[in-house]
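Read off the chains here:
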Amino acid sequence: MTRTKRLILTACGTAFHASLVGEFLFERLARIPTETEYASEFRYRNPIIEDGTVVISISQSGETADTLAAVEQAKERGATVLGIVNVVGSSIARATDAGIYLHVGPEIGVASTKAFTAQVAVLTMLAIELGRRRHIGSDEADRYIDELSRIPDKISRILEQSDHIKEIASANVDQNNWLFLGRGPNYPVGLEGA
């Protein structure tokens with residue numbers, strides 16, 4: 001992926017929102033032009049795949065039909081295709097040129113929180129590594145990795161506030177409308193929250 005000239009991220013639903021975060025990260029950290037496409041639209045828009053284009057397809061299950069179709073379309077057009085999936089041996093994992101397993105276990109609820117968090121973490125690590133290979137120094141890359149390693153402690157501190165968070169939720173649960181706001185990489189996080 002070091003010689004990558006352009007990235008296209010394809011996904012649906014929650015994975016699409018994680019891809020939007022990835023787009024921001026790849027452009028900021030690796031300085032690679034990146035676009036995110038709904039996998040369901042990718043095959044219908046006659047995508048331009050040039051030498052050096054890498055398509056990253058993301059799916060929790062690895063079986064999302066539209067994302068699998070995008071993988072097949074990208075491969076037919078000569079792209080290198082990387083899959084990021086949770087389910088080992090899934091169709092997307094088998095169809096791609098290379099891949100990364102999330103290993104976060106099955107999602108129990110409708111909100112795909114574990115998969116979303118893992119997808120963003122993997123995209124972040126990929127962006128850091130590509131950035132390190134292309135233009136950012138090892139010290140800067142190490143700082144980013146160090147910040148990633150601090151996330152579990154930060155989550156623990158948030159979870160220590162569970163009672164207070166429940167009070168806020170109880171006071172607002174009956175509201176008719178909610179507005180999720182975010183800028184930069186937090187914009188797609190807001191979309192996922194909504």
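In case you missed it, the structure is sitting above this.
Residues numbered from 1 in each chain as written. Predicted model: local features only at pLDDT ≥ 70, side-chain atom pairs only at ≥ 80, totals over all residues. Heavy atoms only, no water.

*Asks:* Let's hear about the packing of aromatic side chains: which residues, and what values?
*Replies:* Tallied over the full model, the rule gives 1 aromatic pair. Aromatic side chains Phe16 and Tyr38 sit 3.8 Å apart centroid to centroid with 10 degrees between the ring planes, which places their arrangement in the stacked category. With Phe16 in helix 1 (residues 13-30) and Tyr38 in strand 2 (residues 34-38), this pair connects stretches of sequence that are 22 residues apart. For Phe16, a relative accessible area of 8% puts it in the buried group. (Phe/Tyr/Trp six-rings, centres within 6.5 Å; stacked < 30°, edge-to-face > 60°. Helix = DSSP H or I, 4+ residues; strand = E, 2+ residues; numbered from the N terminus. Buried < 20%, exposed > 50% of the residue type's maximum accessible area, 1.4 Å probe, protein only.)

*Asks:* I'd like to hear about the pattern of salt bridges, residue by residue, with values.
*Replies:* What the rule picks out here adds up to 10 salt bridges. A salt bridge links Glu35 to Arg6; its shortest N-O distance comes to 2.7 Å. On the criterion of sequence distance, the pair formed by Glu35 in strand 2 and Arg6 in strand 1 (residues 6-11) is long-range, its members being 29 residues apart. Overall, the relative accessible area of 22% leaves Glu35 in the partly exposed class. On the basis of relative accessibility, which here comes to 16%, the residue Arg6 falls in the buried class. Across the pair Arg45 and Glu35 runs a salt bridge, and its minimum N-O distance is 3.0 Å. Taken together, the positions of Arg45 in the loop between helix 2 (39-42) and strand 3 (53-59) and Glu35 in strand 2 put the pair 10 residues apart, joining distant regions of the chain. The class of Arg45 is partly exposed, set by a relative accessible area of 35%. Overlapping salt bridges bring together Arg6, Glu35, Glu37 and Arg45 as one network. (Salt bridge = Lys/Arg side-chain N within 4 Å of Asp/Glu carboxyl O.)

*Asks:* Explain the packing of helix 1 against helix 5 (residues 113-134) residue by residue, including any values.
*Replies:* Axis angle and axis distance: for two packed helices, these are the angle between their axes and the distance between the axes, and together they describe the pair. Relative to each other, helix 1 and helix 5 sit at 20 degrees, their axes nearing to 9 Å. The angle between helix 1 and helix 5 falls in the class roughly parallel. Where helix 1 crosses over helix 5, the handedness of that crossing is right-handed. Counting all contacts with helix 1, which are made through Thr14, Ala15, His17, Ala18, Ser19, Val21, Gly22, Leu25, Phe26, Leu29 and Ala30, the residues of helix 5 involved are Phe116, Gln119, Val120, Leu123, Thr124, Leu126, Ala127, Ile128, Leu130, Gly131 and Arg134. A breakdown of the residues in the contact of helix 1 with helix 5 according to their chemical character gives 14 nonpolar, 7 polar and 1 charged. (Axes fitted to C-alpha atoms, helices over the stretch in contact; angles between N-to-C directions. Parallel < 35°, antiparallel > 145°, perpendicular 65-115°, else oblique. Left-handed = near helix turned anticlockwise from the far one by under 90°. Contact = heavy atoms within 4.5 Å. Nonpolar A, V, L, I, M, F, W, Y, C, P; charged D, E, K, R; others polar.)

*Asks:* Any details on the environment of Glu27? Residues and values, ideally.
*Replies:* Looking at where Glu27 falls in the secondary structure, it is placed in helix 1. A residue is classified by how much of its surface remains accessible, and Glu27, at 31% relative accessible area, is partly exposed. C-alpha separation for the pair Glu27 and Arg6, spaced 21 residues apart in sequence, amounts to 9.8 Å. Those residues in contact with Glu27 that sit more than four places away from it in its chain are Ile32, Pro33 and Thr34.

*Asks:* Give a description of the side chain of Arg6 that names residues and reports values.
*Replies:* In this structure the side chain of Arg6 is engaged in a polar contact, spanning 2.7 Å, whose partner is the side chain of Glu35. Ignoring any residue separated from it by four or fewer positions in sequence, one finds Arg6 in contact with Ile32, Pro33, Glu35, Ile48, Gly52, Thr53 and Val54. (Polar contact = N/O pair within 3.5 Å; in protein donor to acceptor, adjacent residues only side chain to side chain.)

Function cannot be read off these values alone, since they describe shape.
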